[in-house]
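Notes for the structure review
Listed below are the residues making up each chain.
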Amino acid sequence: MANVIRRMAEGSSRLVERYLPDAFLFAILLTFVAYGLAFGAVEPRSDYLTHAENLIVDGWYGGFWGLLTFAMQMTLILMTGYALAQSAAVDRLLSRMAAVPSSERRAAALVPVVAAAASFVHWGLGLVVGAIFARKVAEQLRTVDFPIIVAGAYSGFIVWHGGLAGSIPLVLNSSAENGNFLLADGVLNSTISTGQTIFTVANLALFVVVGFVFLPLLFTLMYPENDEKKRPIDPGEFETATDGGTAAPTITTGSMTFAERIEHSRPLAWAIGLGGLLAIVGYFGRGIAEGTMPWNNLNLNIVNFTFLFLGLLLHGTPAAYIDAMKEAVENVWGIILQFPFYAGIMGIMSYAPEGSTSLATQIAQGMVQVSPEGTLPAVAFLTAGLVNVFVPSGGGEWAVVGETLVTAAQASGASVPRVAMAAAWGDAWTNMIQPFWAIPLLAISGLSVRDIMGYCVMVLLGSGLIIAVGITVLPM
């Protein structure tokens, strides 16, 4: 059995390395595919030449800048998370954790577990922690196969949408004024609490089985048997890839200017760091007073805010934190370059002139219409997985397929929370073959998408049946 899985993983990795383009080129090719499908599927309200022009101007260009806020949030979470991990305290903690596995196979099993646990808390945390932990493991075990370790770090991300910061369950638990468009449009009569979605037997069981059983077992079995097939990396290459230039000379206290004393002031860093932490406590405290538990109050802004001020506090001085952020900034170019293209793809997928239906909605409606009775959760899982390839944003995808899936659940008597969580898991599932979310992790690791995606294909194939069956039959 182990030999079969190992050979399949090696074959998948070879195919991906040979035929999968760079992540940026993947986004460009996906743009052409989405445009062609939308041109043929979306009913034109004019002649075809005008239809083609409207699709590229209103759809593609109209959506091209739609992820600017999100891109900046992702840039900050990568930079602040990286800088936080570079602090002495967090660095020691991750190094101690990385020293726990006594063999390379055990390391391959541990990395996805750590990444899955962090992703369940918050998906942004999972991406940063997973990537940095993979690097720490490689520093401890110099001969470990680095691509498979990084693939394990990314694979832990598969559980994120069933976690505390899952977009779909948090939207369903929000008011109409706070983004619950189904409530605002009258599709739902009331909010759906996280007790009906995240904190159900089905969802928690899937998290444990996929994150803590399936992933470590799969990566143990896939790990290369021969040293000739391993691709270790010299930890010194990390410094070469991410250093911020020539290190600043050490300055003694007596030779410091007034400005330099401020830059190296510990009391100043502690004062602003503690001020930020007090703001965080106040933020969650107000939410609790208003009946919102902390896990329902997580978002990118509060995570970024926490990372920033905690990092400043742990680095000890403004100058040390500035140096860490200079090092971190070299990891964000992929986000800046590629996210606008994915926003354009989302614009194409959701483009619908008055009286027409968008491509994304047509895909969802078509999948629902052909679903046999009693299989709607599994169909919702597959539908969300398919749409996610083109719209790799949980909230953005739910905006275009949510009404179709919820209406179908209501009409068939299926559980709306079950169908919604099936869509959530489907959205996370095909991230294993969609490099959009791998961009931050690859930036930290210094690898390309071709290095890890072959192993992630194996995760996709192995987890698909587990999730589809589990979300259909397990008690909610």
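Residues numbered from 1 in each chain as written. Predicted model: local features only at pLDDT ≥ 70, side-chain atom pairs only at ≥ 80, totals over all residues. Heavy atoms only, no water.

**Comments concerning the environment of Ala2**
Along the polypeptide, Ala2 turns up in helix H1 (residues 2-19). In the structure, Ala2 is positioned 221 residues away from Tyr223 in sequence and 9.4 Å away in space, judged by C-alpha atoms. (Helix = DSSP H or I, 4+ residues; strand = E, 2+ residues; numbered from the N terminus.)

**Side note on a nonpolar patch on the surface**
Nonpolar side chains collect at one region of the surface, where Ile56, Val57, Tyr61, Trp65 and Leu68 lie side by side and expose about 510 Å² of accessible area between them. At three residues, the largest contribution of residues to the nonpolar patch is made by helix H3 (residues 48-64). Structurally, the position occupied by Trp65 is in the loop between H3 and helix H4 (68-85). (Patch = residues over 30% accessible without salt bridge, like charges linked within 9 Å, V, L, I, M, F, W, Y side chains within 5 Å. Areas by Shrake-Rupley, 256 points an atom, 1.4 Å probe, with all protein chains shown as cover. Salt bridge = Lys/Arg side-chain N within 4 Å of Asp/Glu carboxyl O.)

**A short note on the confidence of the model for the protein**
Predicted confidence across the protein gives a mean pLDDT of 88, with 96% of residues reaching 70 or more. Helix H12 (residues 236-242) is the least confidently modelled element of the protein, averaging 52 in pLDDT, while helix H11 (residues 201-222) averages 97, the highest of any element. Counting contacts from residues 240-250, a segment whose pLDDT is below 50, to residues more than four positions away or on other chains yields nine contacts. (pLDDT = per-residue confidence, 0-100. Contact = heavy atoms within 4.5 Å.)

**Focus on the nonpolar core**
Ranked by size, the top nonpolar core spans 151 residues in total, and within it Trp123 and Tyr154 carry the most contacts. At 11 residues, helix H23 (residues 449-473) tops the list of elements feeding residues into this core. Residues within four places of Trp123 in sequence aside, it is in contact with Phe70, Met74, Phe157, Trp160, Ala165, Leu300 and Trp437. (Core = buried A, V, L, I, M, F, W, Y, C linked by side-chain atoms within 4.5 Å. Buried < 20%, exposed > 50% of the residue type's maximum accessible area, 1.4 Å probe, protein only.)

**Here we look at the environment of Leu441**
Structurally, Leu441 is set in helix H22 (residues 438-445). You can call Leu441 buried: its relative accessible area is 0%. Each residue touching Leu441, except ones within four places of it in the same chain, is listed here: Leu127, Ala131, Val150, Ala153, Tyr154 and Ile452.

**Quick word on the pattern of salt bridges**
Under the criterion given, the structure shown has eight salt bridges. Residue Glu10 is joined to Lys229 by a salt bridge in which the shortest nitrogen-to-oxygen separation is 3.3 Å. Taken together, the residues Glu10 in helix H1 and Lys229 in the loop between H11 and H12 connect sequence positions 219 residues apart. Residue classification places Glu10 among the buried positions, given a relative accessible area of 17%. Judged by relative accessible area, which is 44%, Lys229 ranks as partly exposed. Where Glu139 meets Lys136, a salt bridge forms, and the shortest distance between an N and an O atom there is 3.8 Å. With Glu139 and Lys136 both in helix H7 (residues 123-140), this residue pair falls three residues apart, about one helical turn. If you follow the salt bridges from partner to partner, you end up with Glu17, Arg231 and Asp451 in one network.

**Some details on the side chain of Ser155**
Along the polypeptide, Ser155 turns up in helix H8 (residues 146-155). Here Ser155 is in contact with Leu215, Phe219, Met432, Cys456 and Val459, once residues within four sequence places are set aside.

**Overview of the packing of aromatic side chains**
Within this structure, the stated rule accounts for 18 aromatic pairs. Ring geometry for Phe64 against Trp65: centres 4.9 Å apart, planes inclined by 80 degrees, an arrangement best described as edge-to-face. Accessibility expressed as a relative area gives 11% for Phe64, which makes it buried. What links up through ring pairs into an aromatic cluster is the set Trp123, Tyr154, Phe157, Trp160, Phe339, Tyr342, Phe436 and Trp437. (Phe/Tyr/Trp six-rings, centres within 6.5 Å; stacked < 30°, edge-to-face > 60°.)

**Details of the packing of H8 against H11**
The description of two packed helices rests on the angle between their axes and on the distance between the axes. Viewed as axis vectors pointing N to C, H8 and H11 meet at an angle of 165 degrees, and their least axial separation amounts to 11 Å. Relative to H11, H8 is oriented roughly antiparallel. The way H8 lies across H11 gives a crossing that is right-handed. On H11, the residues that touch Ile148, Ala151, Gly152 and Ser155 of H8 are Leu215, Phe219 and Met222. (Axes fitted to C-alpha atoms, helices over the stretch in contact; angles between N-to-C directions. Parallel < 35°, antiparallel > 145°, perpendicular 65-115°, else oblique. Left-handed = near helix turned anticlockwise from the far one by under 90°.)

**A word on helix H20 (residues 394-412)**
Taken as a whole, H20 carries its principal kink of about 55 degrees at Val401. Summarising the contacts, the buried residues of H20 are in contact with helix H9 (167-172), helix H10 (181-184), helix H17 (333-350), helix H18 (359-369), helix H19 (376-390) and helix H21 (416-429). At the exit of H20 stands Gly413, carrying a positive phi of roughly 80 degrees. (Bend = angle between axes of the 7 residues up to and from the residue.)

**Concerning the side chain of Ser95**
Structurally, Ser95 can be placed in helix H5 (residues 88-98). Judged by its relative accessible area of 18%, Ser95 falls in the buried class. Not counting residues within four places of it along the chain, the set of residues in contact with Ser95 comprises Lys136 and Gln140.

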